[in-house]
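# Chain and residue survey
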Amino acid sequence: MKGAVVIIGAGSGLSASIARRFSGGDEAIILAARTTENLSALAVSIGATCIQCDASKPEDVSALFAQIDDMGLSPSVLVYNAGAYTRGAVTDLLPEDVQRVISVNAFGAFLAARECAKRMKAARRGTMLFTGASAGIKGHANSSAFAMGKFALRGLCQSLARELAPQNIHVAHFVIDGLIHAPERGAPYDNREVCLDPDAVAETYFQISKQDKSAWTWEIELRPFVETF
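To keep things clear, this report deals only with the structure shown in the data block. All of these numbers come straight from a predicted model, not from anything done at the bench.

Calculation criteria
Residues numbered from 1 in each chain as written. Predicted model: local features only at pLDDT ≥ 70, side-chain atom pairs only at ≥ 80, totals over all residues. Heavy atoms only, no water. Helix = DSSP H or I, 4+ residues; strand = E, 2+ residues; numbered from the N terminus. Rg over C-alpha atoms; globule rule 2.2 N^0.38 Å. Buried < 20%, exposed > 50% of the residue type's maximum accessible area, 1.4 Å probe, protein only. Contact = heavy atoms within 4.5 Å. Areas by Shrake-Rupley, 256 points an atom, 1.4 Å probe, with all protein chains shown as cover. Lys, Arg positive; Asp, Glu negative; His and termini not counted. Charge placed at Lys NZ, Arg CZ, Asp CG, Glu CD. Pairing = 2+ DSSP bridges. Axes fitted to C-alpha atoms, helices over the stretch in contact; angles between N-to-C directions. Core = buried A, V, L, I, M, F, W, Y, C linked by side-chain atoms within 4.5 Å.

Glancing now at the overall build of the protein chain. A count of helices and strands for the protein chain gives six helices and seven strands. Along the protein chain, from the amino end to the carboxyl end, the secondary structure elements read β-α-β-α-β-α-β-α-β-α-β-α-β. Taking 229 residues into account, the globule formula puts the C-alpha radius of gyration at 17 Å, and the protein chain, at 17 Å, falls close to it. Across its three principal axes, the protein chain shows a C-alpha extent of roughly 50 × 40 × 35 Å. In the protein chain, which comprises 229 residues, the proportion classed as buried is 49%. Nonlocal contacts in the protein chain, meaning residues at least 24 apart in sequence, comprise 66% of its contacts between residues at least 6 apart. Only carbon and sulfur atoms are counted for the fraction: they give 51% of the accessible area of the protein chain, which is about 11,000 Å². With 22 positive and 24 negative side-chain charges, the protein chain shows a separation of 6 Å between the mean positions of the two kinds.

Let us now look at the sheet that holds strand β1 (residues 2-8). With parallel pairing, the seven strands of this open sheet are ordered in space as β3-β2-β1-β4-β5-β6-β7. The open sheet has two edge strands with one neighbour each: β3 (49-52) and β7 (219-222). Looking at each pair of strands side by side, their axes are set apart by 25° on average, direction ignored. In this sheet, β3 lies alongside strand β2 (residues 28-33) in parallel orientation, the contact comprising four bridges. Paired with Ile30 across the strands is Thr49, a residue of β3.

A few words now on the environment of Thr49. On the secondary structure map, Thr49 appears in strand β3. Expressed as a C-alpha distance, the spacing of Thr49 and Val6, which sit 43 residues apart in the sequence, is 9.8 Å. Setting aside its immediate chain neighbours within four residues, Thr49 contacts Ile29, Ile30, Leu31 and Met71.

So, about the nonpolar core. Ranked by size, the top nonpolar core spans 40 residues in total, and within it Val6, Ile8, Leu64, Tyr80, Met128 and Phe130 carry the most contacts. Contributions of two or more residues to this core are made by β1, β2, α3 (58-70), β4 (73-80), α4 (95-123), β5 (126-133), α5 (144-164) and β6 (169-176). Top contributing element to this core by residue count: α4, with ten residues. Apart from residues lying up to four places away in sequence, Leu64 is in contact with Val6, Ile8, Ile30, Ala32, Ile51 and Cys53. Grouped together as the second largest cluster of nonpolar side chains are 29 residues, Ala33, Ala43, Ile46 and Phe174 included.

All right, on to helix α1 (residues 14-22) then. With respect to burial, α1 is a largely interior element, seven of its nine residues being buried. Every buried residue of α1 is listed here: Leu14, Ser15, Ala16, Ser17, Ile18, Ala19 and Phe22.

Keep in mind these numbers describe shape, not what the thing actually does.
Structural data, given as structure tokens:
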């Protein structure tokens, strides 16, 4: 069965760089997102397939992988790049907004990992890569919702890595510490000197997906050289 690189939370930024880096090989590229209209040009350029999926909804995630099954594909690489963010004092945050942030950042990652694990265990191989943030290491003021989501994601990845590594499934968590270059967002995202280059980050995802099982990375931090930590 042909393998597939499944990117959940696909968009125009980091996930687009990841999709381009993984394309051109023997594996199919699946781009999954809540809205797929803006993915058409990317999909055409790399020969990818777009599938609508809200990562926080169990029925959507199950349907995504059922459709991949129907295409005769088996997920060989999962890239979970879905994310949600809200900021504010704890007394001002709306519970429904906080619930959404936690659902997308953590619960959705669990749903995707669950579906992938079923298939990867059957295939006796696979790689799962999850996009985290420095908020999963240290909670910042007025960012409690995001911190909860990313701390939970990191805990999930650590548990999955220990559970699945003996079954030849590589799980890695990426701590993205800093802004990712996105000129369309204006300052400071348009300044290459202070931002992470999304293509450089994508290269790291790709290289970690190719690691020999005798020397797997479970977590890596990436930050621009000017970032304090």
